[in-house]
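Remarks on the overall topology
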Amino acid sequence: MKDLFRETVFGRLVHFASGGSFFSRDEELDPSSILRYSFDNSESSSRSGIKATQTETEKGKDKSLVEWAENDPHNPRNWSTPKKVFVTWQICLLTTSVYIGSAIYTAGLPGIQEQFHVSEVKALLGLTLFVLGYALGPMVWAPMSEIPYIGRNPVYIGTLFAFVPLQLGVIYAKNFSMLLAFRFITGFVGSPVLATGGATIADLYKPSKQVYGIAIWGISAVLGPAMGPLVGGFAAESKGWQWPLWELMWLSGFCLVFLVFFLPETSSSNIIYRRTVHIRKATGNTNLKCEPELEAEGMSTQEILLMVFVRPLTLTLKEPICFALNLYIALAYGILYLWFESFPIVFGNIYHFSQGLEGLAFLGILIGAIVVLVPFYYYSYRFVEPQFNANGELRPEIRLQPAMVGAFFIPACLFWFGWTSRASIHWIVPIIGTSLFSIGTFLLFMAVLGYLGDAYPKHVASVYASNDLVRSGFGAAFPLFANAMYSKLGVAWASSLLGFLAIAFIPIPFVLYFYGRRIRLSSKMARHDL
């Protein structure tokens, strides 16, 4: 537990405030373990676990490269399994706490329309702008978390620290414009984990095990939008439209406090950079450097700005793989948010559910995501893990196999839901059909995120940010025409139209599975060695 606390925001603040008396590093407890760095750069520190090897900079000056030793317990990938599980759970908590903020807002739409005298489409702008903030935020936050000087925690905690009190700007909005402005801002500052959460999971687990952590993280992403209408529906029905937002503030506030005390830094680049700085200061050996530090020193300000602001967009526009998969995920995401807007029409107008009970209709989506988890784990363990080579590497295209199955579940769900949503058919039938959507999107998300991470290992955070940008852009736009589409076409044909659109995208994972390697070999940013 001491090791865990030492790397948390709380532990680092206490360490700084106490002048190093509390939560001390191993090197501080036993300074002799690092003194050898003053004299012989080829020696290893057996206590700290890090080692120094000779290298040269581009200028020809000798440097001592501080690296991780094989079994260093401070390297996140060498943490104990319970510690990794605990940290993964915290990332899931953070994801749910923020993701629920989109759908929980929709529970209060009638009250917002009444108070601000706006139409339903205008009221939905509060959802659209929040999701748009999701799209734009990771363009800044995700690459920033890759910078060794910063790491993951300052981004997570700093933005969440702003996210919580900014909810008051929405709750106490004096006019509709103020409400919309704060909805966008809160979406922007709450967005980092939506793109970087996958990179944090990658910090903890070796490649062959990452899929298990990312799968749980994916469930937490489904949990937010699915639970939002349920949690917010009863609150809005009883207390008014502000109460769902109070619930969002309480949940995210609890998450903030918990993470400050219990979430350790997981960026190995940041951890080894800080240790190198301490060893350099303690020994007076200015030649000591770590690889992330050397990489950062070799980058100009312009290159850093390009990495932070331009790379995610470049990946989408110039990489055919990213463009195709981002577009497919965006379609699924856009359909999800558009389709959610049909639930009040179906379960409110057709089945006459109360506002609170309408939220229960979303439980089918959550159940589907949970049901598919076990067979997905079995498939990953039985068929995928054995295909990793001795270096822990996997041909990226193998990751796409689940998407080749999941692609068929999305249109099947939409046709099922559309043609069974009628008064003559029991309401449980369309709810059962909704579970097919979460099965399909879960398999699609797991395949795409795994494939992109394996195909672009040097740009994981940026490639996830590009994916989040495109999918959130679609998620922001699609709900605006949901009501008009379902009103004019009817539930059956509107859902069928979405189903036909989903069918048109089915070939994408098949094409990339068979031709993805050839496309990667022509790319400047994708890996070529597998």
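Here's what I pulled together on the structure shown here.

Thresholds applied
- Residues numbered from 1 in each chain as written.
- Predicted model: local features only at pLDDT ≥ 70, side-chain atom pairs only at ≥ 80, totals over all residues.
- Heavy atoms only, no water.
- Helix = DSSP H or I, 4+ residues; strand = E, 2+ residues; numbered from the N terminus.
- Rg over C-alpha atoms; globule rule 2.2 N^0.38 Å.
- Buried < 20%, exposed > 50% of the residue type's maximum accessible area, 1.4 Å probe, protein only.
- Axes fitted to C-alpha atoms, helices over the stretch in contact; angles between N-to-C directions.
- Parallel < 35°, antiparallel > 145°, perpendicular 65-115°, else oblique.
- Left-handed = near helix turned anticlockwise from the far one by under 90°.
- Contact = heavy atoms within 4.5 Å.
- Nonpolar A, V, L, I, M, F, W, Y, C, P; charged D, E, K, R; others polar.
- Patch = residues over 30% accessible without salt bridge, like charges linked within 9 Å, V, L, I, M, F, W, Y side chains within 5 Å.
- Areas by Shrake-Rupley, 256 points an atom, 1.4 Å probe, with all protein chains shown as cover.
- Salt bridge = Lys/Arg side-chain N within 4 Å of Asp/Glu carboxyl O.
- Arc of directions from axis to C-beta.
- Phe/Tyr/Trp six-rings, centres within 6.5 Å; stacked < 30°, edge-to-face > 60°.
- Expected span 1.5 Å × (residues − 1).
- 1 Å grid on protein atoms, 1.4 Å probe; cavity = no way out; pocket = protein on both sides within 12 Å on 5 of 7 lines; lining within 4 Å.
- Points joined across faces, edges and corners; volume = space filled by probe spheres on them.
- Disulfide = S-S within 2.5 Å.

1. What to know about the overall build of the protein chain
Along the backbone of the protein chain there are 25 helices and three strands. The C-alpha atoms of the protein chain give a radius of gyration of 24 Å, which matches the 24 Å a tight globule of 530 residues would have. Across its three principal axes, the protein chain shows a C-alpha extent of roughly 85 × 55 × 40 Å. Buried positions account for 58% of the 530 residues belonging to the protein chain.

2. Focus: the packing of helix H5 (residues 81–106) against helix H13 (residues 242–262)
As a packed pair, H5 and H13 sit with axes 10 Å apart at the nearest point and diverge in direction by 160°. What the angle tells us is that H5 and H13 run roughly antiparallel. Here H5 and H13 pass one another in a crossing that is left-handed. Facing Phe86, Trp89, Gln90, Leu93, Leu94, Ser97, Ile100, Gly101 and Ile104 of H5, the residues of H13 in contact are Pro244, Glu247, Leu248, Leu251, Ser252, Phe254, Cys255, Phe258, Leu259 and Phe262. For the contact of H5 with H13, the residue count by class is 14 nonpolar, four polar and one charged.

3. Focus on a nonpolar patch on the surface
Among the surface-exposed residues, Trp419, Leu489, Trp493, Leu497, Phe500 and Ile503 lie close enough to one another that they form a single nonpolar patch of about 610 Å² accessible area. Residue contributions to the nonpolar patch peak at five residues, all from helix H24 (residues 482–504). Tracing the backbone through its elements, the reader meets Leu489 in helix H24.

4. Considering helix H6 (residues 109–116)
Considered for burial, the residues of H6 that qualify are Leu109, Ile112 and Phe116. With its buried residues spanning 60° around the axis, H6 presents them on a single face. Among the structural elements, H5, helix H7 (120–123) and helix H10 (176–189) are those in contact with the buried residues of H6.

5. A short note on the packing of aromatic side chains
Under the definition given, this model contains 47 aromatic pairs. Between Trp339 and Phe343, the ring centres sit 5.1 Å apart and the planes meet at 85°, which makes this aromatic pair edge-to-face. Residue Trp339 is classed as buried on the basis of its relative accessible area of 0%. You can call Phe343 buried: its relative accessible area is 1%.

6. Some points on the environment of Asn467
Along the chain, Asn467 falls in helix H23 (residues 460–477). Sequence spacing of Asn467 and Ala195 is 272 residues, and the spatial spacing of their C-alpha atoms is 7.9 Å. Beyond its immediate chain neighbours, meaning those up to four positions away, Asn467 contacts Leu325, Asn326, Ile329, Val448, Leu449 and Leu452.

7. What to know about unusual backbone geometry
With glycine set apart, most residues show a phi of negative sign, and most peptide bonds adopt trans. One non-glycine residue, His117, lies in positive phi territory at about 55°. Positionally, His117 belongs in the loop between H6 and H7. Phi is positive for His352, close to 60°, though the residue is something other than glycine. Counting through the fold element by element, His352 comes out in the loop between helix H18 (343–350) and helix H19 (355–358).

8. Quick notes on the environment of Tyr464
Relative to the helices and strands, Tyr464 is located in helix H23. Using a relative accessible area of 5% as the deciding quantity, one classes Tyr464 as buried. Look past the residues within four positions of Tyr464 in its chain and what remains in contact with it is Ala195, Gly198, Ala199, Ile214, Leu449, Leu452 and Gly453.

9. Structural notes on the pattern of salt bridges
Proximity of charged atoms lets side chains of opposite charge pair with each other. One pass over the structure, following the stated rule, counts 10 salt bridges. Between Glu393 and Arg527 there is a salt bridge, with its nearest N and O atoms 3.1 Å apart. Of this pair, Glu393 sits in the loop between helix H20 (363–384) and helix H21 (401–420) while Arg527 sits in the segment after helix H25 (507–521), and the two are 134 residues apart along the sequence. For Arg395, the salt bridge identified is with Glu397, shortest N-O distance 3.6 Å. Under the relative-accessibility criterion, Glu397 is labelled buried at 0%. Several salt bridges share partner residues, and in doing so they unite Glu393, Arg527 and Asp529 into one network.

10. Observations concerning helix H17 (residues 320–340)
Between the first and last C-alpha of H17 there are 30 Å, a value that for 21 residues agrees with the 30 Å anticipated at 1.5 Å per step. Taken across its 21 residues, H17 has 18 buried, putting it largely inside the fold.

11. Quick look at the packing of H18 against H24
Closest axis-to-axis distance for the H18/H24 pair is 10 Å, and the angle between their directions is 55°. Between H18 and H24, the crossing angle belongs to the class labelled oblique. Between H18 and H24, the contacting residues are Ile345, Val346 and Ile350 on the first element and Asn483, Tyr486 and Val491 on the second. Looking at the contact of H18 with H24 residue by residue, the class counts come to five nonpolar, one polar and no charged.

12. Quick look at empty space enclosed by the protein
If a probe as big as a water molecule is rolled over the atoms, it shows which places are left empty. Tallied over the entire structure, the rule returns three cavities of 30 Å³ or more. The calculated volume of the largest cavity comes to roughly 350 Å³. Elements that contribute at least two residues to the lining of the largest cavity include exactly H5, helix H11 (192–204), helix H12 (207–239), H17, helix H22 (428–455) and H23. Sorting elements by how many residues they give to the lining of the largest cavity places H22 first, with seven residues. In terms of residue class, the lining of the largest cavity is built from 19 nonpolar, four polar and one charged.

13. Overview of the environment of Gly359
The topology assignment puts Gly359 in the loop between H19 and H20. Considered as a pair, Gly359 and Leu230 are 129 residues apart in the sequence and their alpha carbons are 3.7 Å apart.

14. Brief notes about the state of the cysteines
Under the criterion given, the structure shown has zero disulfides. Cys255 forms no disulfide, and the closest cysteine sulfur to it belongs to Cys92, at a distance of 11 Å. On the basis of relative accessibility, which here comes to 0%, the residue Cys255 falls in the buried class.

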